[in-house]
Amino acid sequence: MKRFLYLSDLEREEVRDLLALASRLERQPDRDALGGKILALVFFNPSLRTLASFQAGMARLGGSSFVISPGQGSWQLETRSGVVMDGAAAEHVREAIPVLASYGDALGIRSFASGTDLAADLADETFRAMAEVCPVPLINLESAIDHPCQALADWKTMDDLDIPTRGGKFVLSWAWHPKALPLAVPAAAVHMAAYRGMDVTVLRPEGFQLPPAVMDRARRAAVLSGGSVRETADREEAMAGAHVVYAKSWTAPAHYGDPTAESALRAGLRDWCVGEDWFAPAAPGARFMHCLPVRRNVVVRDEVLDGPRSVVVREAENRMWTQMAVLYRLLKGGGA
Ligand code: CP
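Residues numbered from 1 in each chain as written. Predicted model: local features only at pLDDT ≥ 70, side-chain atom pairs only at ≥ 80, totals over all residues. Heavy atoms only, no water.

Structural notes on the site of the ligand
Point 1. Looking at the ligand, the residues that line it are Ser-47, Leu-48, Arg-49, Thr-50, Arg-110, His-147, Gln-150, Cys-291, Leu-292 and Arg-319.
Point 2. One nitrogen or oxygen atom from the side chain of Gln-150 is found 3.0 Å from a nitrogen atom belonging to the ligand.
Point 3. At 2.9 Å, a backbone N or O of Leu-292 approaches a nitrogen atom of the ligand.
Point 4. Burial of the ligand by the protein amounts to 94% of the accessible area it has alone, namely 250 Å².
Point 5. Judged by its atoms lying within 2 Å of the grid points, the ligand is housed in the largest pocket.
Point 6. When the residues that make up the shell around the ligand are grouped by side-chain class, the tally is three nonpolar, four polar and three charged. (Near = heavy atom within 4 Å. Polar contact = N/O pair within 3.5 Å; in protein donor to acceptor, adjacent residues only side chain to side chain. Areas by Shrake-Rupley, 256 points an atom, 1.4 Å probe, with all protein chains shown as cover. 1 Å grid on protein atoms, 1.4 Å probe; cavity = no way out; pocket = protein on both sides within 12 Å on 5 of 7 lines; lining within 4 Å. Sits in = over half its atoms within 2 Å of the grid points. Nonpolar A, V, L, I, M, F, W, Y, C, P; charged D, E, K, R; others polar.)

Some remarks on the layout of surface pockets
Point 1. Its volume calculated, the largest pocket comes out at about 550 Å³.
Point 2. Considering the residues around the largest pocket, the lining is formed by 28 residues, among which Phe-112, Leu-181, Lys-248, Leu-292 and Pro-293 are closest to the centre.
Point 3. Secondary-structure elements contributing two or more residues to the lining of the largest pocket are helix 2 (49-60) and helix 7 (184-195).
Point 4. For the lining of the largest pocket, the leading source of residues is helix 7, giving three residues.
Point 5. Partitioning the lining of the largest pocket into residue classes produces 14 nonpolar, seven polar and seven charged.
Point 6. Taken as a whole, the second largest pocket holds about 220 Å³ of empty space.
Point 7. Every residue lining the second largest pocket is counted, 13 residues in all, and those nearest its centre are Gly-115, Ala-180, Leu-181, Thr-251 and Gly-257.
Point 8. Taken together, the residues that form the lining of the second largest pocket break down as six nonpolar, five polar and two charged. (Points joined across faces, edges and corners; volume = space filled by probe spheres on them. Helix = DSSP H or I, 4+ residues; strand = E, 2+ residues; numbered from the N terminus.)

A closer look at the packing of helix 1 (residues 12-27) against helix 12 (residues 312-332)
Between two packed helices, the angle of one axis relative to the other and the distance separating the axes together describe the packing.
Point 1. Where helix 1 meets helix 12, the closest approach of the two axes is 8 Å, and the angle between their N-to-C directions is 115 degrees. With respect to helix 12, the axis of helix 1 lies roughly perpendicular. Helix 1 and helix 12 meet at a crossing whose hand is right-handed. Packed against helix 1, whose contacting residues are Asp-17, Leu-18, Leu-19, Leu-21, Ala-22, Arg-24, Leu-25 and Glu-26, the element helix 12 presents Glu-317, Asn-318, Trp-321, Thr-322, Met-324, Ala-325, Val-326, Tyr-328 and Arg-329 at the interface.
Point 2. Looking at the contact of helix 1 with helix 12 residue by residue, the class counts come to 10 nonpolar, two polar and five charged. (Axes fitted to C-alpha atoms, helices over the stretch in contact; angles between N-to-C directions. Parallel < 35°, antiparallel > 145°, perpendicular 65-115°, else oblique. Left-handed = near helix turned anticlockwise from the far one by under 90°. Contact = heavy atoms within 4.5 Å.)

Structural notes on the side chain of Glu-142
Point 1. For Glu-142, the position within the fold is in the loop between strand 6 (138-140) and helix 6 (148-160).
Point 2. Overall, Glu-142 belongs to the buried group, its relative accessible area being 9%.
Point 3. Among the polar contacts made by the side chain of Glu-142, one reaches the side chain of Arg-110 at a distance of 3.4 Å.
Point 4. Setting aside residues up to four positions removed in sequence, Glu-142 forms contacts with Ile-109, Arg-110, Ser-111, Phe-112, His-147, Ala-184 and Val-185. (Buried < 20%, exposed > 50% of the residue type's maximum accessible area, 1.4 Å probe, protein only.)

Brief notes about the environment of Glu-78
Point 1. In this structure, Glu-78 sits in strand 3 (residues 77-78).
Point 2. Here Glu-78 falls in the buried class, since its relative accessible area comes to 8%.
Point 3. For the pair formed by Glu-78 and Asp-160, sequence separation is 82 residues and the distance between their alpha carbons is 41 Å.
Point 4. Reaching out from Glu-78, the side chain makes a polar contact with the side chain of Arg-80 at a distance of 2.7 Å.

Details of the side chain of Lys-156
Point 1. Among the structural elements, Lys-156 can be located in helix 6.
Point 2. Each residue touching Lys-156, except ones within four places of it in the same chain, is listed here: Leu-19, Ala-22, Ser-23, Glu-26, Asn-318, Trp-321 and Thr-322.

Take a look at the structure:
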């Protein structure tokens, strides 16, 4: 494996190899595997889990890491092509990314969606432009349209909990949120569950359909795995027999970049907050998943988050084990 940019780049056999390696590293520490190796981490946006789990994971494998947050103690970086750089940014990523790569053996970049240009965000233009000038193994720490590290950890979490693959029912539910949020996590989650072979239902109010490009990628994954993908606005129908409810808010594609219109569409949808009553038609012991951070009693009620259904902390821990597997394969080789 040379890069870890999108889970959809990997064969299912490669995903299975990473998950098996992650479980081995969880059971049996390998403290010298990446001795002397350095990981450079570039965060254009905030993080708790991604930043901490990569640094902890690299240290557990004997390597080290450094973090750059552009504009916070380092130069502000320009990401657009062909602009006259007479604004706040003192340096362009076309120089900064290769420079940082020259100090490390691998690089990770977090670069969220613009939130203004849907076509550019769906094409992941900013992240892909940086990937083009990165000469070392690159990891996507969440880009405009994907969060493969989260997806891999979520897949492992469901495996750990013996949640069925074929025949497993995975509901990705839209949730209300005070802000219009990016499409990266819902796009990653719907693809991951379909690629795992599950029957996936996207539950969302009218106007919050995921873009066709996102649904089509998930459907292609379902064809490969034997799973299925559908969408509905009917909560009772979606929840019938569900093994997992994965909550996330996302912006309405039709009003991308228009917060006033988007906010008007969201008004009146505050009851899209996952509560215990949602699980009445679900499978016994159905689980609640969320990538975190999550707003309590906005996206999900305390009763669910504090109850036995919630596996959110396990998902976050699995970020570290699965990313260690990614680092191991990128920097040490081997695998499927
Ligand atoms: N889930 C996730 O990526 O968390 P952070 O934004 O805290 O890194």
